[in-house]
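Listed below are the residues making up each chain.
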Amino acid sequence: GCGSSDPLEEDTPAAEESGSAASDAIVVGSQAYYSNEIIAEIYAQALEGAGYEVERSFNIGQRDAYLPSLESGEIDLFPEYSGSLLQQAYDPETEARTPDDVYAALVDALPEGLTALEQSTASDQDSYTVTAAFAEENDLEEIGDLADVDTPLTLGGPAELEERPYGPDGVKDVYGVDVAFSATGDTTVEELVAGTIQVGNVFTADPRIETEDLVPLDDPEGLFLAANVVPIASTDVADEIAEVIDPVSAALTPEGLVSLNVQSTEDQRSPEDIAADWLAENDLA
Amino acid sequence: MGIEFRSASKSYPGGAKAVDDFSLHVPSRTTTVLVGSSGCGKTTLLRMVNRMVDPTEGAVLIDDEDVRTRDAVQLRRSIGYVMQNGGLLPHLRVVDNIATVPVLQGAPRRQARERARELLEVVGLDASLAERYPGQLSGGQQQRVGVARALAAEPNILLMDEPFGAVDPIVRAELQRELIRLQQELGKTILFVTHDIDEAFLLGDHVVILDHGARVVQQGSPAEILAEPADDFVRAFVGMGGGRRELTLRETDGRTVVVDGSGRVQGVLKDATG
Amino acid sequence: MGIEFRSASKSYPGGAKAVDDFSLHVPSRTTTVLVGSSGCGKTTLLRMVNRMVDPTEGAVLIDDEDVRTRDAVQLRRSIGYVMQNGGLLPHLRVVDNIATVPVLQGAPRRQARERARELLEVVGLDASLAERYPGQLSGGQQQRVGVARALAAEPNILLMDEPFGAVDPIVRAELQRELIRLQQELGKTILFVTHDIDEAFLLGDHVVILDHGARVVQQGSPAEILAEPADDFVRAFVGMGGGRRELTLRETDGRTVVVDGSGRVQGVLKDATG
Amino acid sequence: MTWVADNVGLILQLTAEHLRQSAPPILWGLLLALPLGWLAHRSRVLRTPIVVTTGLLYTLPSLALLPILPVVFGFSALSEANLVVALTIYAVAILVRSVVDGLDSVDDDTRRSAVALGYGPARRFLAVELPLAGPVILAGLRVAAVSTISLATVGILIGVTNLGYLFTNGFQRRIVPEILAGVVAVAVVALIVDLVLQILGRLLMPWTRATLPLQAGAPA
Amino acid sequence: MNLLLDALAWLASPERLSGSHPLPRAFAEHLALTFGSVAIAALIAIPVGWLIGHTGRGRGIAVALAGAARAVPSFGLILLLVLLVGVLHKVEAAVIAFVLLSIPSILAGAYAGFEAIDRRTVDAARATGMSEAQILWRVEARLGLPLLVGGVRAAVLQVVATATLAAWVNVGGLGFDILQGIQLRRFDQVLGGAIAVAVLALVLDAAFALLQRRAVPAGILASTSRRPRRASRTRRSTEKEALTT
Ligand SMILES: Nc1ncnc2c1ncn2[C@@H]1O[C@H](COP(=O)(O)OP(=O)(O)OP(=O)(O)O)[C@@H](O)[C@H]1O
Ligand SMILES: Nc1ncnc2c1ncn2[C@@H]1O[C@H](COP(=O)(O)OP(=O)(O)OP(=O)(O)O)[C@@H](O)[C@H]1O
Ligand SMILES: [Mg+2]
Ligand SMILES: [Mg+2]
């Protein structure tokens, strides 16, 4: 098998990309998450508008999968979420919780070759969310209120939530809430609505919080870190592209991000169209 | 009485007529042999009798009754059928193969098996073979089991479709002798198909030579046919074309040998009674 | 000259001796037929000649030269081999099948094909068959193509392993006549294998009757063997056991017919020259 | 269905990507399976290990194989090579069997006939056995091609974008037509490739359909 | 090698018996999914396959449909069905996808089993006076069983491997550990989960191989052990001769 890997590797995009990165194209990456892809597309179009040559390397999976490529310079720019990146990649034990603290900690924690550009006010952070009906019935406002619910609770979320610091163990430690866990993956909201789980790990920018009448519970103890949208760039190009990207971050508001998501899921528009319109609306085109 | 073909024809979809207007009377308790080259329609004729094939025109009658008035499955159970390879069911033991039809007809299995064992002897096989599977028998043995199975339901009619075609010449000769013996004992109405003219002449009381479309070229007793071949086709078929049946005598080493038209020695004259 | 077996033996791993101390001289330009029942070692003998089997003891010589001194692949190309089913390569057109060996030997394809077309005629086939695949030929036609292919490299020796075993009797008779004609024209050294004693007597200048382990039971011309069967085995084998070769004469309808031991009519006497 | 109409370009582009990614594993699979199958066919000793090992590969779940490959082979986690290697492994698993069966299916008389004619071993393999094993190998190749194309969609789980993108993206956005388009596009691509292989087989192996029209169809 | 050891350690760890997805339960779920789907597929495919095999009709259509079914990507189909039928029926959605995945192999096994029977055997059965139902049940179904079991075996293997995808929609089974491992970059867990699936597949494969052997009618076994074995030995050694020359 090893002998045959050489010819195979020749035509891999990774090899091409590192070659073309040298030839000045900016490689923009994104997670395999539609909302993240829209932000990445906005970066890409903004850069193109500013005359950069851009290569898109979108939908490249989970953080741990793409981070090495980002650090190695295969990818030049990536829309990230401050708290998630900090906690999952660089400092699981961090005490920072507020947007500014987290951002500061992240800037410190980032390795040599990576630079965090200005963060945006828009955030898409983890939350513990319940249906409005359930919240009303049990008088829920913050996560800690779940401890008083006398029926057994099941927490739904992606498979890895089980092992995260803010997972079932975290909520027990911080709020004294006992929950069972169910790996609901991409169907968390559906299961929440269907009642098979009572608490869901939902991203705060998910438009269905609005449309499905869900309530993210308050997190006074800081179980979750702030997760503001922050562009992570290769240090090589960071200064150069900051001129283009910083205004984008400045223009991206929390409501704006939800609205971008709504355009994707409700209006079923393509990321290109959404990005182009948004840039035009914000006079960034 | 016996089997009667009345202007029977059969066309298969998309093919020419396999059997074209065939008429023949097969008398009870005789052996009639249909002989002809490959594809001339012999099998089709045979199968008309037990309704494995229904004629597209004309009719086949058994004891003056049109077979089409009878239920095909019941009819088949009442007629013995022997195929080229014995046609045994490979997953049943010899004894159960033989007992197939009686069991299908509702006979108690035990009794049917007992009878099957008796039949093994009738066809000249050792009773010890009863518990074997067909795959454990030689070709010749399988053939005998096929005959035994055909006899199991005590049919009046036996249809035999090239039953000895697949066994080697020595075994074949033995099986032929055995069949002659059996027929002398049992006196069934046998309709026998072969493409070997020698076999036809050996076994048949009556021989029917067929050309394509089951056209009857000549019929009669073996001696009649040999003495007066109807035409060149028959002549060629019975081997006279190559001179095989035109024999002369020659003296060799003080014996009289019989030599055919191409100079091949056919045998030795036992005693030269004119 | 010719082919010589010198005390050749062959044991297959795990089996008894397939050929045990076999010696025979096959003279040039004659047809020698090896005849014997199934499994007696005929094929093994034949394959010793073109080194598809190497004897475990003894030797096989062609024109006084041990075949083992020759390169097997080259040797095979120089010897014609005809198998039971023709052994044609199903993925090559008839013309390319015939041209196989010349092409393997480096002849220009075009020229080899031209020669192949000529050979089609030699074996009595229409040139229009050249572009067909073997699957589109009848058994008899395939057999002829097999012969044509064996002739293509102009070999002195032809090995024929039951070449006509798979075709029906009429076609078989035709092929046999054709082979006799061809041999009269070409005068090859033919080693022919069959288990049909009639075929052996028809084709062989010299007939070798074999028992298991390729033991030579008797050899000689057909007439010699018929006149003086060496023992009961030969007698049974040539059919005298069943009385098939013990002929008597009988008058029927003013003709003299020849009848064998079991009462079966063998033919008509042409003129009763003693 | 307006989603489909609005995104024809995307679908076509992903389809092209998909084909580009699936073709090499199919070819590599065949190229690797031929010698392996030949060995297994030829050697009694190697037969069982080869057939069992390749069969075992087939039982590895793709979901697991894909992320493990970069760790084992040291490819970049984003490299398309991961997908290509994984799919090649599955193709080999299917094809080795077919190659063995195909070579086994070559009539022994034909093989002997080739020996008797004076074919040397190598030439016999290439000019006689391989072509005659062709129909069975082709049948395996068709299965391998269809399953490779269908399986390639899992690539999206390790960041290789192809038609599988429509599944995960459509699922996140709850756009049924998007997923449906992906499913249909994959099936259509697979069936077209299957058809192409079938036609190719007919062109390359004309003798397989050359039989006597009636004589062959005579009843038993 | 290290990774493999880690994976084995992961598998052997006592923690596998606790947590939200204990390994034994995952095995049970995986098996239930597999056998449930294959059983449903068998109920559909066997009668249809037998009918095709017995009558010789409809083979073209069946082959085409089975080909199309093979071409449908299971992953996409599961996601599609979950969206369509809703999360409350996600198990059904996954089962439908796996049923579709199983049908082609079982169908092919069913009719190929019939087709592989010597036509003269069926002909003989008919000529001795068996009704069509008797032929189908007493002769064809019996003689076709080994290939049918082979088809079921192939289906089971495919579903076992593919059922890992069901974890994506939270249906359980051994896929969960793999999926979670991927997200957490815990390769010992990913490989451990993969090994668990592979072992399950191998055990099932071996069981079915045994079943397939048992399905061969005694008469066929008896004859193959007597005659053709000699023939095949003959063949092998002739090949060796050819090899050496
Ligand atoms: N089911 C069928 N469909 C189409 N054609 C058929 C069918 N059965 C037989 N035929 C054709 O009918 C003709 C007669 O066939 P039949 O089997 O009766 O010949 P046969 O004399 O028994 O030949 P053989 O000696 O080869 O057994 C042949 O040309 C054959 O091809
Ligand atoms: N490759 C082999 N391995 C083991 N035994 C073999 C092999 N080839 C032949 N034999 C055995 O050697 C004996 C002679 O075989 P051979 O093929 O020469 O017989 P034959 O006279 O040609 O028979 P047939 O008329 O059936 O073709 C047989 O008992 C056969 O089983
Ligand atoms: Mg017939
Ligand atoms: Mg032989």
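From a predicted model like this one, the values you see are computed outputs, not experimental measurements.

Definitions and cut-offs
Residues numbered from 1 in each chain as written. Chains lettered and ligands numbered in written order. Predicted model: local features only at pLDDT ≥ 70, side-chain atom pairs only at ≥ 80, totals over all residues. Heavy atoms only, no water. Contact = heavy atoms within 4.5 Å. Buried area = accessible area lost by both parts, 1.4 Å probe. Salt bridge = Lys/Arg side-chain N within 4 Å of Asp/Glu carboxyl O. Polar contact = N/O pair within 3.5 Å; in protein donor to acceptor, adjacent residues only side chain to side chain. Helix = DSSP H or I, 4+ residues; strand = E, 2+ residues; numbered from the N terminus. Buried < 20%, exposed > 50% of the residue type's maximum accessible area, 1.4 Å probe, protein only. UniProt positions renumbered as here; feature names shortened; annotations may be inferred. pLDDT = per-residue confidence, 0-100. Pairing = 2+ DSSP bridges. Axes fitted to C-alpha atoms, helices over the stretch in contact; angles between N-to-C directions. Parallel < 35°, antiparallel > 145°, perpendicular 65-115°, else oblique. Left-handed = near helix turned anticlockwise from the far one by under 90°. Nonpolar A, V, L, I, M, F, W, Y, C, P; charged D, E, K, R; others polar. Core = buried A, V, L, I, M, F, W, Y, C linked by side-chain atoms within 4.5 Å.

Engineer: I'm lost on the interface of chain D and chain E in this one. Help?
Structural biologist: Where interface size is given, it is often the accessible area lost as the parts come together that is meant. At the interface, 43 residues of chain D touch 45 residues of chain E. Each partner contributes to the roughly 3800 Å² buried at the junction of chain D and chain E, and carbon and sulfur atoms together form 78% of this total. Sorting the residues of chain D by area buried against chain E places Thr59, Leu63 and Phe171 of chain D first, and these three jointly supply 16% of that buried surface. Here chain D and chain E share zero salt bridges between them. The interface formed by chain D and chain E includes zero residue pairs in polar contact (both at pLDDT 80 or more).

Engineer: How should the side chain of Arg208 of chain A be read in this particular structure?
Structural biologist: Relative to the assigned elements, Arg208 of chain A resides in helix α10 (residues 208–211). Residue Arg208 of chain A is classed as buried on the basis of its relative accessible area, which comes to 15%. The contacts of Arg208 of chain A, once residues within four sequence positions are left out, are Val189, Glu190, Asp213 and Leu214 of chain A together with Arg174 of chain D.

Engineer: In this structure, what is going on with the UniProt feature "domain: ABC transmembrane type-1" (unreviewed entry) in chain E? I would like to understand it.
Structural biologist: The feature "domain: ABC transmembrane type-1" (unreviewed entry), as given by UniProt, occupies residues 27–212 of chain E in the numbering adopted here. For the annotated span residues 27–212 of chain E, helix accounts for 84% and strand for 0% of the residues, and the straight-line distance between the end C-alpha atoms is 24 Å.

Engineer: So what exactly am I meant to see when it comes to the confidence of the model for chain E here?
Structural biologist: Interpretation of the predicted coordinates at a detailed level should be avoided for regions scoring low in pLDDT. All names here are of chain E. When pLDDT is averaged along chain E, the result is 86; 90% of the residues meet or exceed 70. Considering each helix and strand of chain E separately, the mean pLDDT is smallest for helix α11 (residues 228–244), with a value of 36, and largest for helix α2 (residues 23–55), with 95. Low pLDDT, under 50, characterises residues 226–245; the predicted model gives this stretch 33 contacts beyond four residues in sequence or across chains. Both confidence scores are given for the complex: pTM 0.84, ipTM 0.83.

Engineer: What exactly am I supposed to notice about the UniProt feature "transmembrane region" (unreviewed entry) in chain E here?
Structural biologist: Residues and elements named next belong to chain E. UniProt's entry tags residues 30–52, 64–88, 94–114, 145–169 and 189–211 with the feature "transmembrane region" (unreviewed entry), counted in the numbering of this structure. End C-alpha atoms of residues 30–52 are separated by 32 Å, and the span's content is 100% helix alongside 0% strand. Segment residues 145–169 splits into 72% helix and 0% strand. End C-alpha atoms: 36 Å apart.

Engineer: Is there a simple way to think about the sheet that holds strand β7 (residues 157–161) of chain C in this case?
Structural biologist: Picture the strands of a sheet paired through backbone hydrogen bonds; they go either parallel or antiparallel. Residues and elements named next belong to chain C. Strand order in the open sheet formed by six strands is β6-β7-β8-β3-β9-β10, and the pairing between neighbours is mixed. If you trace the sheet from one side to the other, it starts and ends with β6 (79–82) and β10 (215–220), each paired once. Averaged over all adjacent pairs, the angle separating strand axes in this sheet is 15°, with direction ignored. When strand β3 (residues 31–36) meets strand β9 (residues 206–211), the two strands line up parallel, connected through five bridges. Counterpart to Gly36 in the pairing with β9 is Leu210. On the sheet, helix α6 (residues 139–152) packs against β6 and β7 and is oriented at approximately 170° with respect to β6.

Engineer: What is the right way to look at the sheet that holds strand β4 (residues 57–62) of chain C in this model?
Structural biologist: Residues and elements named next belong to chain C. Spatially, β2-β1-β4-β5 is the arrangement adopted by the four strands of the open sheet, whose pairing is antiparallel. The sheet is open, and its two borders are formed by β2 (17–26) and β5 (65–66), each paired with just one other strand. As paired strands, β4 and β5 are joined by two bridges and run antiparallel to one another. Each bridged residue has a counterpart across the sheet, and for Ile62 the counterpart in β5 is Glu65. Across the face of the sheet, helix α1 (residues 42–49) comes into contact with β1 (3–11), β2 and β4 while running at roughly 120° to β1.

Engineer: Help me out: how do you make sense of the packing of helix α2 (residues 8–42) of chain D against helix α5 (residues 81–105) of chain D in this one?
Structural biologist: Packed helices, taken two at a time, are described by their axes: the angle between them and the distance between them. Residues and elements named next belong to chain D. For the pair α2 and α5, the least separation of the axes is 6 Å and the interaxial angle reads 40°. In terms of axis orientation, α2 runs oblique to α5. Here α2 runs over α5; the crossing is right-handed. Here the residues of the contact of α2 with α5 sort into 21 nonpolar, five polar and one charged.

Engineer: It is not clear to me how the nonpolar core should be interpreted in this structure. Could you clarify?
Structural biologist: Judged by nonpolar contacts, the single largest core of 134 residues is most densely connected at Tyr128, Ile143 and Leu146 of chain A together with Phe98 and Ile106 of chain E. Not counting residues up to four positions away in its chain, the partners in contact with Leu146 of chain A are Phe134, Leu140, Leu153, Val177, Val199 and Leu217 of chain A.

Engineer: So what exactly am I meant to see when it comes to the pattern of salt bridges here?
Structural biologist: Side chains carrying opposite charge are able to pair once their charged atoms draw close together. Using the criterion set out here, one finds 58 salt bridges over all chains in the structure. The shortest N-O distance in the salt bridge between Glu190 of chain A and Arg174 of chain D comes to 2.2 Å. Of this pair, Glu190 of chain A sits in helix α9 (residues 188–194) while Arg174 of chain D is found in the loop between α8 (164–173) and α9 (176–204), placing the two residues in two different chains. Overlapping salt bridges bring together Arg144, Glu174, Glu178, Arg181 and Glu185 of chain B as one network.

Engineer: Is there a simple way to explain unusual backbone geometry in this structure?
Structural biologist: For residues besides glycine, phi is generally negative; the peptide bonds are generally trans as well. If you check the backbone angles, Asp213 of chain A has positive phi at about 65° while not being a glycine. Its location among the elements puts Asp213 of chain A in the loop between α10 and β9 (214–216). We note that Arg185 of chain E has phi near 55°; this positive angle belongs to a residue other than glycine. When you line up the elements, Arg185 of chain E lands in the loop between α8 (175–184) and α9 (187–215).

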